[in-house]
Amino acid sequence: MTSSEPLEILIDQSRKARDSAGRVLAEERNAHEQTTGQLEALQRYRSEYCERLQQAMAMGINASTLADYNRFIGSLDDAITQARSLQIQQQDRVESSSEHWRHHQSRLTSFSTLKTRRVQLEQQQDARRERRQTDEITQNLIARRASGDAKNPF
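Rules used in this analysis
Every residue gets a number counted from 1 within its own chain, in the order that chain's sequence is written. Only residues with pLDDT of at least 70 get local features here, since the model is predicted, and only at 80 or more are side-chain atom pairs given and counted; chain-wide, interface and lining totals rely on the full set of residues. Calculated side-chain values reflect all of the structure's heavy atoms, with hydrogen atoms and water omitted. Working definition: helices are DSSP H or I runs of at least four residues, strands are E runs of at least two. Numbering for both runs from the N terminus. Here the globule rule is a power law, 2.2 Å times the number of residues to the power 0.38, and the radius of gyration is based on C-alpha atoms. With a 1.4 Å probe rolled over the protein chains alone, any residue whose accessible area is under 20% of its type maximum counts as buried; one over 50% counts as exposed, and the rest are partly exposed. Accessible surface is estimated by sampling points in the Shrake-Rupley manner with a 1.4 Å probe; for residues, cover comes only from the protein chains shown. The working definition used for a salt bridge is a side-chain nitrogen of Lys or Arg within 4 Å of a carboxyl oxygen of Asp or Glu. Buried residues of nine kinds, namely Ala, Val, Leu, Ile, Met, Phe, Trp, Tyr and Cys, make up a nonpolar core once their side-chain atoms join them within 4.5 Å. Here the aromatic set is Phe, Tyr and Trp, taking the six-membered ring for Trp, and pairing holds for ring centres within 6.5 Å; pairs whose planes are under 30 degrees apart are stacked, those over 60 apart are edge-to-face, and all others are tilted. Whether two residues touch is decided by their heavy atoms; if any such pair falls within 4.5 Å, the residues are in contact.

Digging into the overall build of the protein chain
Here is step 1: Secondary structure assignment for the protein chain yields 2 helices and 0 strands.
Here is step 2: Expected size for 154 residues packed as a compact globule is a radius of gyration near 15 Å; at 37 Å, the protein chain overshoots this value by more than 25%.
Here is step 3: Its C-alpha atoms give the protein chain principal-axis dimensions of about 130 × 30 × 15 Å.
Here is step 4: Put simply, the protein chain has 154 residues, and 18% of those count as buried.
Here is step 5: Accessible surface computed for the protein chain: about 11,600 Å², of which carbon and sulfur atoms make up 50%.

Here is the structure:
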């Protein structure tokens, strides 16, 4: 087992954890969009219903019909309040999931940087080793030529 294999395992595990956190984040964002859509639909419906009430009142309505309109608008208000609460909760989950994903991304980046540094260090060591070997070969050739020249002056 080389020294980079445990690091490769950590990088792989970090990548999987980051990807998993990304999927959860995407799901939470989708849920938030749905919750927001539902809230907006309820608000539009309430607005339309209030317009109908205004039109009915302009034409004249009896007290029981007015009470029915008001009860229904009250139930829409309750539903809107509940939808806002759910939207806030969902936004909190999105923020939490986003932080979780950033944590895993940061961890992966750290391991990747460590691997890059290790590879660079190994390359530098290999280059030094090659220079030493080349220097030794050159010195040996020079020494052989010098000893050969000493024996044969011409």
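Some points on the pattern of salt bridges
Here is step 1: Counted according to the given criterion, the structure contains 8 salt bridges.
Here is step 2: Residue Glu8 is joined to Lys115 by a salt bridge in which the shortest nitrogen-to-oxygen separation is 2.6 Å. A residue pair is termed long-range when its members are at least 10 positions apart, and Glu8 in helix α1 (residues 4–59) and Lys115 in helix α2 (residues 63–151) qualify at 107 residues.
Here is step 3: Salt-bridge contacts for Arg129 lead to Asp126; the nearest nitrogen and oxygen are separated by 2.6 Å. Here Asp126 and Arg129 lie together in helix α2, a separation of 3 residues that amounts to about one turn.
Here is step 4: Of the residues examined, Arg129 reaches a relative accessible area of 42% and is grouped as partly exposed.

Describing the nonpolar core
Here is step 1: Core analysis: the largest hydrophobic core is formed by 6 residues, namely Tyr49, Leu53, Ala56, Tyr69, Ile73 and Leu76.
Here is step 2: Taken together, the elements giving at least two residues each to this core come down to α1 and α2.

Remarks on the packing of aromatic side chains
Here is step 1: Enumeration according to the criterion identifies 4 aromatic pairs in this entry.
Here is step 2: Residues Tyr45 and Phe72 carry aromatic rings whose centres are separated by 5.9 Å and whose planes lie at 90° to one another, so their mutual orientation is edge-to-face. Here the residue Tyr45 occupies a position in helix α1, and Phe72 occupies one in helix α2, the gap between them amounting to 27 residues.
Here is step 3: For Tyr45, a relative accessible area of 33% translates into the label partly exposed.
Here is step 4: Owing to a relative accessible area of 29%, Phe72 belongs among the partly exposed residues under this scheme.
Here is step 5: Geometrically, the ring pair formed by Tyr49 and Phe72 is tilted, given 4.6 Å between the ring centres and 55° between the ring planes. One end of the pair, Tyr49, is in helix α1; the other, Phe72, is in helix α2, and 23 residues separate them in sequence.

Here we look at the side chain of His104
Here is step 1: Topologically, His104 is positioned in helix α2.
Here is step 2: Residue His104 is classed as buried on the basis of its relative accessible area, which comes to 14%.
Here is step 3: With residues near it in sequence (within four places) discarded, His104 still touches Ala17, Arg18 and Ala21.

Section: the environment of Glu95
Here is step 1: Relative to the helices and strands, Glu95 resides in helix α2.
Here is step 2: Through-space distance from the C-alpha of Glu95 to that of Tyr69 is 39 Å; in sequence the pair is 26 residues apart.

Everything listed here is a matter of geometry and, on its own, says nothing about what the molecule does.
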